[in-house]
Amino acid sequence: MTKLLEWLFGGSVVAAVWALVTFDLLDLSLPQTYREVAWPMPLYLLVSFGCYSLATVGYRVATFNDCDEAAKELQEQIKEAKEDLRKKGLKM
């Protein structure tokens, strides 16, 4: 099962439970407070997911490692490419 299918399955299960509680489709006779709490739940989940995503991206950017060897290697490759292009007649 791919990650997409896992997420779609999980989302559809959550959506089904939300619909059952919000619209009382199975006549569970749940208290009105349950329905009042369940109604804005998708919005709360969306905001929570956005905050989690923002925090994760911020943490990954803050702890990003520098690759000094890779930077030096890239600079060398750029110099080699420039020299090769000069030999072929390209003026920079």
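Residues numbered from 1 in each chain as written. Predicted model: local features only at pLDDT ≥ 70, side-chain atom pairs only at ≥ 80, totals over all residues. Heavy atoms only, no water.

Participant: Could you give an account of helix H4 (residues 68-87), with specific residues and numbers?
Facilitator: An ideal rise of 1.5 Å per residue puts 28 Å on 20 residues; H4 measures up with 29 Å between its terminal C-alpha atoms. Gly 89 occupies a position one or two residues after H4 and carries a positive phi of about 105°. (Helix = DSSP H or I, 4+ residues; strand = E, 2+ residues; numbered from the N terminus. Expected span 1.5 Å × (residues − 1).)

Participant: Could you give an account of the side chain of Thr 22, with specific residues and numbers?
Facilitator: For Thr 22, the position within the fold is in helix H1 (residues 3-23). Only 2.8 Å separates the side chain of Thr 22 from the backbone oxygen of Trp 18, close enough to count as a polar contact. Not counting the four nearest positions on each side in its chain, Thr 22 is found in contact with Arg 35, Ala 38 and Trp 39. (Polar contact = N/O pair within 3.5 Å; in protein donor to acceptor, adjacent residues only side chain to side chain. Contact = heavy atoms within 4.5 Å.)

Participant: Explain the pattern of salt bridges residue by residue, including any values.
Facilitator: In this structure the tally under the stated criterion is three salt bridges. Ionic pairing is found between Glu 6 and Lys 3, a salt bridge with its closest N-O pair at 3.4 Å. Here Glu 6 and its partner Lys 3 are both found in helix H1, three residues apart, which amounts to about one turn of the helix. With a relative accessible area of 37%, Glu 6 lands in the partly exposed category. (Salt bridge = Lys/Arg side-chain N within 4 Å of Asp/Glu carboxyl O. Buried < 20%, exposed > 50% of the residue type's maximum accessible area, 1.4 Å probe, protein only.)

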